[in-house]
Amino acid sequence: MWGFYEHVQSMWQLLWQGNEQAMVFWGASYLGLVGFASLIYQVRVRRWPSTRGVLVRADLATWGGPTWARSDQQYRLDGLYRYQVAGQAFQGHRVSPWVMVASHNARFLLKQQLKGVNRHPGGSVTVYFNARRPGKSYLIRPGLPGILVTLVVAVGPMAYYWTRFHAV
């Protein structure tokens, strides 16, 4: 029976030959690694403390593509807010740990994501900040649905690989 090291080495060699199993193995490995790193980060951000801040701007910004061709334009969230932690003033721009870029036709997803900003009477918003580095912050805390999606993205391709190539 092959050990893990031998299997990885074999998949590396087969990848350069265009082998389907090797391509699925490395794709699943990449998604698993990135997915689990993202999962850990999202769980950590969920535990960050919060404070109130002032929202200056939270909207969509165009990103790439010619301005005359709407169908080729991409959109991302664009935010600007100010907040204080322990008497020190900070300015943030990150809206969500879920960095998304959407096409012109899918920009409604970003608008929906903006609805996750916790707004208070008087115009203030909840700002979630890293207690060790208070200059790093978000307006949206990762939710359980997003964490579950990340888990599926991390585990799903590995499960597919196992059932497709190793199921007896």
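Since we're looking at a predicted model, the values are computed, not measured. (Residues numbered from 1 in each chain as written. Predicted model: local features only at pLDDT ≥ 70, side-chain atom pairs only at ≥ 80, totals over all residues. Heavy atoms only, no water.)

A. Representation of helix α3 (residues 107–114) within the structure. Taken together, the buried positions of α3 are occupied by Leu110, Gln113 and Leu114. Seen end-on, α3 carries its buried residues on one side only, within an arc spanning 105°. Contacts made by the buried residues of α3 are with β1 (50–63), β2 (74–85) and β4 (102–103). (Buried < 20%, exposed > 50% of the residue type's maximum accessible area, 1.4 Å probe, protein only. Helix = DSSP H or I, 4+ residues; strand = E, 2+ residues; numbered from the N terminus. Arc of directions from axis to C-beta. Contact = heavy atoms within 4.5 Å.)

B. Local environment of the environment of Arg46. Relative to the helices and strands, Arg46 resides in helix α2 (residues 20–46). C-alpha separation for the pair Arg46 and Leu80, spaced 34 residues apart in sequence, amounts to 21 Å. For Arg46, the side chain forms a polar contact with the main-chain oxygen of Pro142, separated by 2.7 Å. (Polar contact = N/O pair within 3.5 Å; in protein donor to acceptor, adjacent residues only side chain to side chain.)

C. Structural context of the pairing of β2. Taken together, the 10 bridges between β1 and β2 define a ladder with antiparallel strand orientation. In the sheet register, Ala61 faces β2, and the bridge partner there is Arg76. Judged from the 2 bridges that link them, β2 and β4 form a sheet pairing that is antiparallel. From the neighbouring strand, Tyr75 faces β4, where its bridge partner is Ala102. Pairing of β2 with strand β3 (residues 88–92) involves 5 bridges; the strand directions are antiparallel. If you follow Arg82 over to β3, its bridge partner there is Gln91. Here β2 hands over to β3 after 2 residues, with Ala86 in that stretch at a positive phi of 55°. (Pairing = 2+ DSSP bridges.)

D. The packing of α2 against helix α4 (residues 144–165), seen in detail. Across the interface, α2 lies against α4 with an axial gap of 8 Å and an inter-helix angle of 160°. On the basis of their axis angle, the class for α2 and α4 is roughly antiparallel. Crossing geometry of α2 relative to α4 is assigned as left-handed. Residues of the contact of α2 with α4, tallied by class, amount to 18 nonpolar, 7 polar and 3 charged. (Axes fitted to C-alpha atoms, helices over the stretch in contact; angles between N-to-C directions. Parallel < 35°, antiparallel > 145°, perpendicular 65-115°, else oblique. Left-handed = near helix turned anticlockwise from the far one by under 90°. Nonpolar A, V, L, I, M, F, W, Y, C, P; charged D, E, K, R; others polar.)

E. The nonpolar core, seen in detail. Counting 18 residues, the largest nonpolar core has Leu77, Tyr83, Val95, Leu110, Val117, Val127 and Leu139 as its most contacted members. Residue assignment for this core shows that the elements contributing at least two residues are β2, α3 and β5 (124–129). Top contributing element to this core by residue count: β2, with 5 residues. When near neighbours in sequence (up to four residues on either side) are disregarded, Leu77 contacts Asp59, Leu60, Val95, Leu110, Gln113 and Leu114. Counting residues in each nonpolar core, the second largest holds 5 residues, with Ala22, Phe25, Ala28 and Tyr161 among its members. (Core = buried A, V, L, I, M, F, W, Y, C linked by side-chain atoms within 4.5 Å.)

F. Local environment of a nonpolar patch on the surface. Where nonpolar side chains cluster on the molecular surface, the patch consists of Tyr30, Leu31, Leu33, Val34, Val149 and Val153 and spans about 550 Å² of accessible area. Of all the elements in the fold, those that place two or more residues in the nonpolar patch are α2 and α4. Topologically, Leu33 is positioned in helix α2. (Patch = residues over 30% accessible without salt bridge, like charges linked within 9 Å, V, L, I, M, F, W, Y side chains within 5 Å. Areas by Shrake-Rupley, 256 points an atom, 1.4 Å probe, with all protein chains shown as cover. Salt bridge = Lys/Arg side-chain N within 4 Å of Asp/Glu carboxyl O.)

G. Region of interest: the packing of helix α1 (residues 4–15) against α2. Two elements in contact, α1 and α2, have axes separated by 8 Å at closest approach and are oriented at 115°. For the crossing formed where α1 meets α2, the hand is left-handed. In this structure, α1 uses His7, Val8, Met11, Trp12, Leu14 and Leu15 to contact α2, whose residues at the interface are Gln21, Ala22, Met23, Phe25 and Trp26. Grouping the constituent residues of the contact of α1 with α2 by class yields 9 nonpolar, 2 polar and no charged.

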